[in-house]
Amino acid sequence: MQVPEQEAATHLEMSRTPVFEAMLMLQKDGLVEIRPRQGMRVLAITVGDISDIYEILEVVERLAIRKLAENPISEKQVCAFEDSVTLMNLSLERGDRGLWASADKKFHEDVVKFSGNVHLETVFVQLRDRSQRYVTCC
């Protein structure tokens, strides 16, 4: 899909400058391609992209688990993990895939957050959000 800059600005009821700046950010994230005098084109995400993203997420989570294991785990952290697992089990019993996905997401977010590495968390969230782009569109 291709969207001219002016058309996007008009549709969003904004001036062209913030729309162009947003397009630059989306291009930096690999989500769109800016074509001079043509606007932006939304890039398709491929199975290979998803595979590559999950490969990196695996490394990120493995590092987060290692960092988490280096320090004593707090009662609050234990409760957070237990709550997520309990909710995942309950959602499986009910056949509620949406609830399970939400609990699973929280579990993985907590693993990375509790590692104590803010930069690791930033990378994780960015990649997870990109992987969700495929899940929600396809």
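Scroll up for the structure.
What comes next is a walk through the structure. (Residues numbered from 1 in each chain as written. Predicted model: local features only at pLDDT ≥ 70, side-chain atom pairs only at ≥ 80, totals over all residues. Heavy atoms only, no water.)

## Some thoughts on the packing of aromatic side chains
Note the following rule: For this analysis, a ring pair means two rings from Phe, Tyr or Trp (six-membered ring only for Trp) whose centres lie within 6.5 Å, classed as stacked if their planes differ by under 30 degrees, edge-to-face if by over 60, and tilted for the remaining angles. Here a helix means four or more residues in a row that DSSP labels H or I, a strand means two or more in a row labelled E, and each is numbered from the N terminus. With a 1.4 Å probe rolled over the protein chains alone, any residue whose accessible area is under 20% of its type maximum counts as buried; one over 50% counts as exposed, and the rest are partly exposed.
In the structure shown here, the tally under the stated rule is two aromatic pairs. Summarising the aromatic geometry, the rings of phenylalanine 81 and phenylalanine 114 are spaced 5.4 Å apart at their centres and angled 80 degrees between planes, so their arrangement reads as edge-to-face. Here the residue phenylalanine 81 occupies a position in helix H4 (residues 75-94), and phenylalanine 114 occupies one in the loop between helix H5 (97-113) and helix H6 (118-137), the gap between them amounting to 33 residues. Among the residues examined, phenylalanine 114 registers a relative accessible area of 17% and is labelled buried. Taken together, Phe81, Phe107 and Phe114 form an aromatic cluster joined through their ring pairs.

## Brief notes about the packing of helix H3 (residues 47-69) against H5
In helix packing, the relevant descriptors are the interaxial angle and the interaxial distance, both defined with respect to the helix axes. Where we set the bar: Note on method: axes are straight lines fitted to C-alpha atoms, helices fitted across the in-contact stretch only, with angles between N-to-C directions ranging 0 to 180 degrees. When describing relative orientation, an angle under 35 degrees is termed roughly parallel and one over 145 degrees roughly antiparallel, while 65 to 115 degrees is termed roughly perpendicular and anything else oblique. We call two residues in contact whenever any of their non-hydrogen atoms come within 4.5 Å of each other. Throughout, the ten residues Ala, Val, Leu, Ile, Met, Phe, Trp, Tyr, Cys and Pro are labelled nonpolar, Asp, Glu, Lys and Arg are labelled charged, and all others, Gly among them, are labelled polar.
Viewed as axis vectors pointing N to C, H3 and H5 meet at an angle of 60 degrees, and their least axial separation amounts to 8 Å. With respect to H5, the element H3 is oriented oblique. Where H3 approaches H5, its residues Glu61, Ala64, Ile65 and Leu68 are matched on the opposing element by His108, Val111 and Val112. Taken together, the residues of the contact of H3 with H5 break down into five nonpolar, one polar and one charged.

## Re the side chain of aspartate 110
Relative to the helices and strands, aspartate 110 resides in helix H5. Discounting residues that sit within four places of it in the chain, aspartate 110 has contacts with Ala80, Phe81 and Ser84.

## Structural notes on the pattern of salt bridges
As a reminder of what qualifies: Each salt bridge in this description consists of a side-chain nitrogen of Lys or Arg and a carboxyl oxygen of Asp or Glu lying within 4 Å of one another.
Enumeration over the complete set of coordinates arrives at eight salt bridges. For arginine 35, the salt bridge is made with glutamate 33, and the minimal N-O distance between the two is 3.2 Å. Under the relative-accessibility criterion, glutamate 33 is labelled partly exposed at 30%. When the shortest N-O distance is used, the salt bridge between arginine 66 and glutamate 70 registers 3.9 Å. Judged by relative accessible area, glutamate 70 falls into the partly exposed class, the value being 48%.

## Structural notes on the sheet that holds strand E2 (residues 32-35)
Counted only if it meets this: Note: two strands are recorded as paired if DSSP finds a minimum of 2 bridges between them.
Reading across from one edge, E1-E3-E2 is the order of the three strands in this open sheet, with antiparallel pairing throughout. Among the strands making up the open sheet, the edge pair consists of strand E1 (2-3) and E2. With four bridges joining them, E2 and strand E3 (residues 39-42) adopt antiparallel strand pairing. When the sheet's bridge partners are listed, glutamate 33 is paired in E3 with arginine 41. Running over the sheet, helix H2 (residues 16-28) touches E1, E2 and E3 and is turned about 130 degrees from E2.

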